[in-house]
Amino acid sequence: MHCSIRGLLRRGVLAATIGALAAALTAVTPLAPTAAAAGTLQQVASFGSNPGNLAMYEYAPVNLPANAPLVVALHGCSQSASDYHAHSGWQKFADQWGFAVVYPQTSAANNLLSCFSWFDPAKDTRGKGEAASVAQMVDTAAAQYGSDRGRIFVTGLSAGGGMAADLLADYPDVFAGGAIDSGLPAQCATTQAAASGCQYSNQNLTPKQWGDKVRNSYPGYTGPWPRVAIWQGTSDTTVAPVNGTELRDQWTDVWGIGQTASSTLNLTGGTTESIYNDSAGKPAVALFSVSGMGHGLAVNPGSGADQCGSTGAYYLNAICSSYHTATFWGLDGSGGDDGSGPGSGALPAPSGVAVTGTTDTGASLSWTAVSGAASYHVYRDGTKVGSPTGTSYTDTGLSAGTSYRYTVTAVDSTGVVGASSAPVTATTTGAAPKCYTANNYNQVAAGRAHQSLGYTYANGSDQNMGLYNVAITHTLKETSPGYFVIADSGC
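Cut-offs and rules
Residues numbered from 1 in each chain as written. Predicted model: local features only at pLDDT ≥ 70, side-chain atom pairs only at ≥ 80, totals over all residues. Heavy atoms only, no water. Disulfide = S-S within 2.5 Å. Helix = DSSP H or I, 4+ residues; strand = E, 2+ residues; numbered from the N terminus. Buried < 20%, exposed > 50% of the residue type's maximum accessible area, 1.4 Å probe, protein only. Lys, Arg positive; Asp, Glu negative; His and termini not counted. Salt bridge = Lys/Arg side-chain N within 4 Å of Asp/Glu carboxyl O. Contact = heavy atoms within 4.5 Å. Pairing = 2+ DSSP bridges. Axes fitted to C-alpha atoms, helices over the stretch in contact; angles between N-to-C directions.

(A) Structural detail: the state of the cysteines. Enumeration over the complete set of coordinates arrives at three disulfides. What pairs with Cys-77 in a disulfide is Cys-115, and their sulfur atoms sit 2.0 Å apart. On the sign convention where negative means left-handed, the S-S torsion of about 130° between Cys-77 and Cys-115 marks this disulfide as right-handed. A residue pair is termed long-range when its members are at least 10 positions apart, and Cys-77 in the loop between strand S3 (70-74) and helix H3 (81-88) and Cys-115 in the loop between strand S4 (100-105) and helix H5 (129-145) qualify at 38 residues.

So, in structure tokens, the structure goes:
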């Protein structure tokens, strides 16, 4: 899909679509199956048994920190991983906010039009086929990057959107959130013949019936459900706009909330955002309806903070969906679109964020005041570290010779947090601390510790390291010349 085979035949455009697919595949230079390199899109040659016969590509920014989020992005029919990476805008935000992206890729060997098989229970259910292959990719990438397993997300376009919905239903224990762009409800169809009906027609199911399709995908699951963003063009003739409504019904029912929006907001590109809050008042489901948009992924080329991507076949200039999806998930460090992020009537991002000075253990920042701000939140590497009321902040307790990434948000008088600023990097002065792991006997022999009355003590700090023997091992951090502290929990 961008159209099902049956639908394409009905429209008389199958030959043209296959021709376009061939041209697209000819134009894309295959990526060599090499080990991943930071800052480039690379193929991963091996990631498990791969029962779905998919290819795995991944992108990670340079200096990706440990415990960062991970996003899985599935292309649409007649597209590829490199095509989706180039157009969708996910690279911009991976670089800006610090997360890795995995791009599964299917092929004509799996489906004539290189579509993910969102309608085939042998391929789109937990532990089977393409769904299982994607789960293996997540495990591989999370181990490689040290990803935060509580912040793994999946998004997809068209058939990739249908598969993303299936994955959210199959693996709610894996994905904290998802986004379905011009896609289908989870498990809408279980045969190729039924797929066209899902694409073009109202299925006339109740929210509970839709919700049961999710609950039945992983029977007995009682954990938290993913937060879901839904994107749908009002003029889409390939995936009818009713699919957006059905997706809304499905996921609000799963969350046990009503189908009446908690809030609505008009965004750029003729987009209406409708938010559905959970019982705690935090958004669980968001429906983005893009007026006049046809079938594709909403992008908005430009250099603005909320712009991204490039136009092309099925990449339509309207609004940067990747930006609003990422902020809804909280990837910008604001904690998500809980009435506190962009697209919720919040304050704009502070501008002019700059590093004004550094020491061995601190970094000072300043920024331009935001009208209406009562205070600001300062985030270091995605974690909030300060809430000043003025337009400057000094972060302390840092390690020497180390780089830190900062963003700032404005907070209004009611506590609503605004959009995140562009990040800045501060590098503390001095030499980075060195760490040494060895047994107590060798730590003494190397001059990093000393022994007295059968016990070992770190030089400088005099911390007790235990008995003076080869059976006890510690890591010592040298925080200044000749001064060592125990750092077993990490250097």
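(B) Representation of the side chain of Asp-124. Structurally, the position occupied by Asp-124 is in the loop between S4 and H5. Put simply, Asp-124 is tucked away with no salt bridge, and the nearest opposite charge, on Lys-128, sits 8.4 Å away. Dropping the residues within four chain positions of it, Asp-124 is found in contact with Ser-117, Trp-118, Phe-119, Ala-131, Met-163, Asp-166, Asp-170 and Gln-187.

(C) How the structure looks around the environment of Gly-312. Along the polypeptide, Gly-312 turns up in the loop between strand S11 (297-299) and strand S12 (315-317). Between the C-alpha atoms of Gly-312 and Asp-83, which are 229 residues apart in sequence, the distance is 9.5 Å.

(D) Quick look at the sheet that holds strand S23 (residues 455-458). Reading across the sheet, the three strands line up as S22-S23-S24 and stay open at both edges, with antiparallel pairing between neighbours. Among the strands making up the open sheet, the edge pair consists of strand S22 (449-452) and strand S24 (464-467). The average angle at which neighbouring strand axes cross in this sheet is 25°, direction not considered. Of the strand pairs in this sheet, S23 and S24 are connected by three bridges, and their pairing is antiparallel. Within the sheet, the bridge partner assigned to Thr-456 lies in S24 and is Gly-466.

(E) Molecular detail of the pairing of strand S2 (residues 55-59). Where burial is concerned, most of S2 is hidden: five out of the five residues are buried. Along S2, one buried face is formed by Ala-55, Tyr-57 and Tyr-59 and the opposite face, lined by Met-56 and Glu-58, is buried too. Across three bridges, the pairing between strand S1 (residues 42-44) and S2 is antiparallel. Paired with Val-44 across the strands is Met-56, a residue of S2. Bridging between S2 and S4 involves five bridges; their strand directions are antiparallel. Bridge pairing in S4 places Tyr-57 opposite Tyr-103.

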